[in-house]
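Summary of structural features
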Amino acid sequence: MDFGISFQSHIHKSWKHAMLAEQMGFTNAWFVDTQMLASDVYACMALAAEHTEKIRLGTAVTIAGTRIAPVIAHSIATVNALAPGRVILGIGTGHTAWRAMGLPPTSLAIFRHTIEVCRGLFQGKEVDYHERGRDTRVRFFDVENGYINVRDPIPIYVAASHTKALAVAGDLGDGLITISILSPTVLKTTLSTLPRQQSASTPFPVVTIGISCVLRPGEAINSPRVLSRVGPRIAVALHYGYEVMKHGKAAPAYLQPFLTPAYCAYLDQRWTEIHATHSRFLHPGEEEFITPEAIQSMSLTGTQGEIIARLKALEAVGLTQFVISPPWGYVEESIVEFAREIMVNYGK
C-alpha cells in the first residue's frame, strides 16, 4: 500500500507540505486544481518539484476543459522536466472547478478526447485534435532542449465514479482515482465494472482520496476536533452527490444515506456558495449533518488498530494507495499523525 497526501494548491504552502510529506515517508503528493478557490496547480507543483527529491507529484485532479488538452499536456510535461519520472496526470470531468462557475462538468466526449490528446503528446506523436469546431493535428515542436520532458513517462490516472466514466478510466487510464470510497464492498463493485483488470504484467493502480483521524483515548467519533479534521472532506463528497441529484441523476449509492431531505434543504439555501468552503471548513450549522454514521462510513476515523484493519481490508480488494486530504489548518498535523500512527505500523 502506498500513502499519499492531497491538498488545495497554495503557492506559498504546498511545496512545504510536499517536503514534509516526503520527510515523513509518503509516496505521493497530490495537488488540487480548482481555479476559483486556489493557486495555479502547475505553479505549485513546479515549486514542489524543486524542493523534493523522491515523492511523486500529481494533479488530483486537473480538469478537462478548463484548459485545452495541449495546454494540460504542456503544463504537466514542464513539471516533468523538473521532476523526471515523478509526475502523474490525474484528470477528471470536474466538480468544484466547473460548478463554482455555475457550469456543469465536462462532457464524457471531451473528457475522452482530452485524455487521448495528452496520451499521444506524451508519446511524442502528432495527434488529431478537435477544438472550436475544427479538426487539426498538433505536436510538440521541441522535445529535445529541456523545455518539457516527455522522455520520462507521465502516467494518466483517471478520476471516475459512474459507469461511463469508469469505462473511460479502463480504456485510457494508467490508474484510477476514486473519492471517499472506503467500503471494501463498494470498492470491489466499482472495480468490477472496469473494462480492464489489474494483472501482474500490467498493474493498474487504484487510488482513493479520503480522510483519516486517529481518535484519542476516550474521544467521541464526532468530537469537535474530529469534525474539524474530517468534516470538510466528507462534505466535499456529499456536495458532489447533492449536485448530481440536483441535476436529475442518482447520487452514488454510498452517499445516498447521508443526503437526507433536511440536508438537501439546507444545501438548497446555499446553492451558490457550497463550493467556497471545499477542503477548508464546514458551513455554519453543517456539522449537524456530518453524523457519526457518516464519519464512520466516509472517513478512516478510529483507533490506530481499527484504521489499519480497514486499510488492509481495502487493500485486499484492490486499493493500492490511500490518500489523506485534510482541510487547511490541519495539513501538517494530519501528515505527522498519519505517518507516525498508521504508516509506520501498517506492515507490522
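Residues numbered from 1 in each chain as written. Predicted model: local features only at pLDDT ≥ 70, side-chain atom pairs only at ≥ 80, totals over all residues. Heavy atoms only, no water.

What to know about the nonpolar core
Among the nonpolar cores identified, the biggest contains 100 residues, and Phe26 and Phe31 are the most heavily contacted of them. Looking at which element gives the most residues to this core, the answer is helix α8 (residues 224-246), with eight residues. Residues contacting Phe26, with those up to four places away along its chain left out, are Phe3, Gly4, Ile5, Ala21, Ile55, Ile324, Ile335, Phe338, Ala339 and Met343. Residues Trp30, Ala60, Ile63 and Ile177 belong to the second largest nonpolar core, which totals 13 residues. (Core = buried A, V, L, I, M, F, W, Y, C linked by side-chain atoms within 4.5 Å. Buried < 20%, exposed > 50% of the residue type's maximum accessible area, 1.4 Å probe, protein only. Helix = DSSP H or I, 4+ residues; strand = E, 2+ residues; numbered from the N terminus. Contact = heavy atoms within 4.5 Å.)

Section: the pattern of salt bridges
When the charged atoms of two side chains lie near each other, side chains of opposite charge can form a pair. On inspection of all chains with the given rule, the structure shows 15 salt bridges. We note a salt bridge from Glu126 to Arg139, for which the minimum N-O separation is 3.8 Å. You can see Glu126 sitting in the loop between α5 (108-122) and β6 (127-131) and its partner Arg139 sitting in the loop between β7 (134-138) and β8 (156-159), a full 13 residues away along the chain. According to the relative accessible area criterion, Arg139 is partly exposed, its value standing at 41%. Between Lys246 and Asp268 there is a salt bridge, with its nearest N and O atoms 2.9 Å apart. (Salt bridge = Lys/Arg side-chain N within 4 Å of Asp/Glu carboxyl O.)

A closer look at α8
For α8, the principal kink sits at Val230 and spans about 45 degrees; a proline, Pro232, occurs within the next four residues. Burial analysis of α8 places 18 of its 23 residues in the buried class, which makes it a mostly covered element. Positive phi shows up at Gly248, right after α8, with a value of about 85 degrees. (Bend = angle between axes of the 7 residues up to and from the residue.)

Structural notes on the packing of aromatic side chains
Applying the stated rule across the entire model yields nine aromatic pairs. Measuring from centroid to centroid gives 5.9 Å for Trp30 and Tyr157, while their planes differ by 40 degrees, and the two rings are tilted. Taken together, the residues span a long stretch of sequence, with Trp30 in strand β2 (residues 28-32) and Tyr157 in strand β8 at a distance of 127 residues. Look at Trp30 and you get buried, because its relative accessible area is 0%. Plain terms: the ring middles of Tyr263 and Phe289 are 4.9 Å apart, the flat faces sit at 20 degrees to each other, and that makes the pair stacked. Pair noted here: Tyr263 is in helix α9 (residues 261-268) and Phe289 is in the loop between α9 and α10 (292-298), with a separation of 26 residues, a long-range link. Grouping residues by exposure puts Tyr263 and Phe289 together as buried. (Phe/Tyr/Trp six-rings, centres within 6.5 Å; stacked < 30°, edge-to-face > 60°.)

Concerning the environment of Lys13
Considering the arrangement of structural elements, one finds Lys13 in the loop between β1 (2-8) and α1 (14-23). In this structure, the C-alpha to C-alpha distance between Lys13 and Leu311, residues 298 residues apart in sequence, is 29 Å.

Quick look at the pairing of β2
Buried residues dominate β2, accounting for five of its five residues. Residue alternation in β2 divides its side chains into two sets, Asn28, Trp30 and Val32 and Ala29 and Phe31, and both sets are buried. Of the strand pairs in this sheet, β1 and β2 are connected by five bridges, and their pairing is parallel. Among the inter-strand pairings, Gln8 is bridged to a residue of β2, identified as Val32. As a crossover connection, the stretch from β1 through α1 into β2 is right-handed. A crossover connection joins β2 to the parallel strand β3 (residues 56-59) through helix α2 (residues 41-51); in handedness this β-α-β unit is right-handed. (Pairing = 2+ DSSP bridges. Right-handed = clockwise from strand over helix to strand, strands pointing away.)

Details of unusual backbone geometry
Glycine aside, negative phi is the norm for most residues, and most peptide bonds take the trans geometry. Ala60 connects to Val61 through a cis peptide bond whose omega is -5 degrees. With respect to the helices, strands and loops of the structure, Val61 is situated in the loop between β3 and β4 (62-63). We note that Arg132 has phi near 55 degrees; this positive angle belongs to a residue other than glycine. Locating Arg132 in the fold gives a position in the loop between β6 and β7.

Regarding α2
Turning to α2, its buried residues are Val41, Tyr42, Cys44, Met45, Ala48 and Ala49. Projected down its long axis, α2 shows its buried positions confined to an angular sector of 155 degrees, all on one face. Contacts from the buried residues of α2 go to α1, β2, β3, β4, α3 (69-82) and β5 (87-92). Taking the backbone nitrogen of Tyr42 as reference, a side-chain oxygen 3.1 Å away marks Asp40 as the first, capping residue of α2. (Arc of directions from axis to C-beta. Polar contact = N/O pair within 3.5 Å; in protein donor to acceptor, adjacent residues only side chain to side chain.)

Just geometry here; none of it tells us what the structure is for.
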